Amino acid sequence: MIATEVSYSEIFTKEVSKTLQTLEEFKILANNEINHKQLKEMLNAINQDVSTGIDKIQGNLVYLMQNVDWNRFNLSFFGETNAGKSTLLEALLRGNGELIGDGKKDYTQTLGEKKYGDVTLLDLPGIEGNEEKYISEIKRGIEKSHVVFFVIGTNKEPEEETLQKIRSYLKDQAKVYSIINVRGKPSTYKYKKEIYDANIQKIEARTIQKFRRILGNHYVDNLVVNAHLSFLALGNPNREDLINDQQKLMEVFSSKREAYSFSKLLLIERMIHELSISSMEEISLSNTYKFLGIFEEVNERILKGKNDFDAAVKALKNHISSTIVEVEKCISKYRNEIINLIDRKLEGFKSDLHKIVYEGIDQKSNEAILKRRLTNEKKTFEKSIITELKNILGNMRNEITDAIRQLHNRMDLEFKFSGIGQSDFNIGDILKNVEVNVKYVLGQILEVGLSIGGVIIAIVANPVLGIISGVVSLVKKIWDWFFGDPNKRKREAKNKAYHEINNTVNKVKKEVLLKTEKELKNLESSIKKQVTGIKTINHEIEKLSYAMDGKITELDHLKVKISKALVATILKKPVEFAFFDIGLQSGLLIGENISMNTASVFRLKMLSTFSSTGKYFDSLENDIDENHIIFDSQDEFTFQSTSNLINYLKMQDPYFPIQGVRRKES
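Below: a short report on this structure. (Residues numbered from 1 in each chain as written. Predicted model: local features only at pLDDT ≥ 70, side-chain atom pairs only at ≥ 80, totals over all residues. Heavy atoms only, no water.)

**Description of the sheet that holds strand β10 (residues 624-625)**
- Pairing is mixed in the open sheet, where 3 strands are placed in the order β10-β11-β12. The two strands at the open ends of the sheet, each matched to only one other strand, are β10 and β12 (660-663).
- As paired strands, strand β11 (residues 628-631) and β12 are joined by 4 bridges and run parallel to one another. Within β12, the position partnered with Ile629 by the bridge is Val661.
- Sheet strands touched by helix α17 (residues 636-652): β11 and β12. Its angle to β12, the strand with the most contacts, is close to 150 degrees. (Pairing = 2+ DSSP bridges. Helix = DSSP H or I, 4+ residues; strand = E, 2+ residues; numbered from the N terminus. Contact = heavy atoms within 4.5 Å. Axes fitted to C-alpha atoms, helices over the stretch in contact; angles between N-to-C directions.)

Encoded structure:
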């Protein structure tokens, strides 16, 4: 027995250590080889938030491992305050009554331990009293317990609230028996010849019904005893009131042996003996269920944190993507407006130059007058185009600023309300770290978008002086040509001026448009570079999420390995696959020659058994889409067990054709 027990406990301890190690590895998932300083700081900060959550989760498992017993079989006495737990223990131990309370207070306040042959009896503080004072002792005792005797001492079945409280303590992790401790002093039985009367039979029937409904297959049976008579028959009391009761016992019964037989303690002693024979199985089953129960809580909390993390990151990614699209559309729109403005204004400027020169020719204006008119036109042109350029660039700035401000507001709301789910991962802080980095990158986009304004204005305004200088020089030549030969006609002079002005302005316009296009392309290139920075942030966060998925799969795999080892220990033969869900009280076993009655052995409501994985998959009859089995039913256990089976098989064979499970979209 010891060799087998140690063998399983070693397997169990090894796999639990791996579980704790996998949880530890959650803390170091961030990529430390990233060169981008701010991104590296952001990922490290996110990792720290995840690490803090994992620390909380690990604490539960560490506490369990510090309190479970493998080397002794622990049977605990638990129940209502003053129900007679300690009296029953004193009877079993043939004690002197030192554990027995006087009924005036919650006598048992700390976890007591007594040896009873190969069994350790645990005396837990009572409930329905001031148990809040002793909650840590109750929890510690439950963690150590492999079988629980729940003692009822009020001559009535327990209330619904009490039973729910019992379940909250036990968490479906130990085999449970109820014991009705019938009240009655020795004098009560002077004329009453049986403790198991019609009233007790009714109470027992209702008790069994309630316990089975609340505790399911973890509840086994009920026993009836009069603990006070048992103690008086077997114990050696040293307290005056107990000594007096023992003397009265001898007045009612012919012998202590008769009183002992009458009290029904023998049934409890036999039950304890039977349990001790199968103690290895009870220890293995109870300790493993305790682990699996906490493991499921751990996994659920990790998945909750992971899902919150993914949902928040997905929402941010969508917000960021839509903002980037808005910014790019905004720049594209105003790019066209800037190009059209430059083209339109220079064409207008060209027409105005034609008009001024034509009028000068007609009016035979001198060079000084013409130069003054051209200079004034230059100032009017510059003022007009710069004003309109500033308006366009101002509108672009306002639209980009509004888009980024709206993104900031969405992100602020995202992390403001992200703590509602009470996740172990501080999603709010995680989002804030992402937000700080994204805001920095988007700020760079805004800065790049605004800095181009001065460049474009300079590109447009500066060549105008060259145009005016060229036109003045042209007019001087026309004047020399026109006035030097009076026979020349004005039409020819105007024609020559028209072509020269067109050539000069078109040359400048071409140069201005080329430079403006170049600057706008530089702007687009700079924004793409910043957008790449955001995409890098998204990519690294997604890598962190995928790494979490990998660790969650590892945890599920470890759960399967522990379940397989447990089944092999209990059934004395290996199985191909085993999966238990303690919360759903269901299990799946795959292996040859597994009995259909195995469910009761594992104290489960439902246990499905199949001889091979092929038989199991054949039984599903589900649709398969893109190598995923599609589930549309509400059978959560089948969904989870199939998912774990597929992941387990994929770890054995990377080429396993089925990739996973999916829920049918509604």
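**Re the nonpolar core**
- Counting 104 residues, the largest nonpolar core has Phe149, Ile268, Phe580 and Phe602 as the members making the most contacts within it.
- Looking at this core element by element, the count peaks at 11 residues for helix α11 (residues 279-363).
- The contacts of Phe149, once residues within four sequence positions are left out, are Leu75, Ser76, Phe77, Phe78, Tyr177, Ile179, Ile268, Met271, Ile272 and Leu275.
- Within the second largest apolar cluster, 34 residues are counted, among which are Ile331, Ile356, Met396 and Val512. (Core = buried A, V, L, I, M, F, W, Y, C linked by side-chain atoms within 4.5 Å. Buried < 20%, exposed > 50% of the residue type's maximum accessible area, 1.4 Å probe, protein only.)

**With respect to unusual backbone geometry**
- Phi angles above zero are rare outside glycine, and Gln585 is one such case at about 55 degrees.
- Within the secondary structure, Gln585 is located in the loop between β7 (577-581) and β8 (586-590).
- For Gln585, a relative accessible area of 3% puts it in the buried group.
- Located in the positive-phi region is Glu626, a residue other than glycine, with phi close to 55 degrees.
- Relative to the assigned elements, Glu626 resides in the loop between β10 and β11.
- Note on Glu626: relative accessible area 56%, which makes it exposed.

**Overview of the pattern of salt bridges**
- As enumerated under the stated definition, the model contains 25 salt bridges in all.
- Residue Lys18 is joined to Glu15 by a salt bridge in which the shortest nitrogen-to-oxygen separation is 3.7 Å. Placement of both Lys18 and Glu15 in helix α1 (residues 2-25) is noted, with a separation of 3 residues, approximately one turn of the helix.
- Lys18 sits in the partly exposed class, given a relative accessible area of 32%.
- Put simply, Asp241 and Arg239 hold a salt bridge, and the shortest N to O gap is 2.8 Å. (Salt bridge = Lys/Arg side-chain N within 4 Å of Asp/Glu carboxyl O.)

**Quick notes on the packing of helix α3 (residues 85-93) against helix α10 (residues 265-277)**
- Axis separation between α3 and α10 bottoms out at 11 Å; the angle between their running directions is 75 degrees. What the angle tells us is that α3 and α10 run roughly perpendicular. Facing α3, whose interface residues are Leu88, Ala91 and Leu92, α10 presents Leu265, Ile268, Glu269 and Ile272.
- Here the residues of the contact of α3 with α10 are counted per class, giving 6 nonpolar, no polar and 1 charged. (Parallel < 35°, antiparallel > 145°, perpendicular 65-115°, else oblique. Nonpolar A, V, L, I, M, F, W, Y, C, P; charged D, E, K, R; others polar.)

**Describing the packing of helix α16 (residues 613-620) against α17**
- As a packed pair, α16 and α17 sit with axes 12 Å apart at the nearest point and diverge in direction by 140 degrees. Comparing the axis directions of α16 and α17 gives the class oblique. Our pair here, α16 against α17, has a crossing hand that is left-handed. Contact residues: α16 offers Thr613, Tyr616, Phe617 and Leu620, while α17 offers Thr638, Ser641, Thr642, Leu645, Ile646 and Leu649. (Left-handed = near helix turned anticlockwise from the far one by under 90°.)

**Observations regarding the pairing of strand β3 (residues 119-123)**
- Of all 5 residues in β3, 5 are buried, a share of seventy percent or more.
- Neither face of β3 is open: one carries Val119, Leu121 and Asp123, the other Thr120 and Leu122, and all of them are buried.
- One ladder, built from 5 bridges, connects strand β1 (residues 73-79) with β3; its direction is parallel. Its bridge partner lying in β3, Phe73 is registered against Val119.
- With 5 bridges joining them, strand β2 (residues 112-116) and β3 adopt antiparallel strand pairing. Pairing of Tyr116 across the sheet is with Val119, part of β3.
- Counting the residues that bridge the hairpin from β2 to β3 gives 2 residues, and of these Gly117 lies at a positive phi of roughly 65 degrees.

**Brief notes about the packing of aromatic side chains**
- Counted according to the given criterion, the structure contains 21 aromatic pairs.
- When the centroid spacing of 4.4 Å and the interplanar angle of 20 degrees are considered together, the rings of Phe349 and Phe381 count as stacked. Taken together, the positions of Phe349 in helix α11 and Phe381 in helix α12 (residues 367-416) put the pair 32 residues apart, joining distant regions of the chain.
- Note on Phe349: relative accessible area 1%, which makes it buried.
- Among the residues examined, Phe381 registers a relative accessible area of 5% and is labelled buried.
- Geometrically, the ring pair formed by Phe579 and Phe637 is tilted, given 5.8 Å between the ring centres and 35 degrees between the ring planes. With Phe579 in strand β7 and Phe637 in helix α17, this residue pair connects regions lying 58 residues apart in the sequence. Each member of the pair Phe579 and Phe637 is classed as buried.
- Against the face of Phe639 rests Arg663, its NZ or CZ located 3.8 Å from the ring centre. (Phe/Tyr/Trp six-rings, centres within 6.5 Å; stacked < 30°, edge-to-face > 60°. Lys NZ or Arg CZ within 6 Å of the ring centre and 35° of its normal.)

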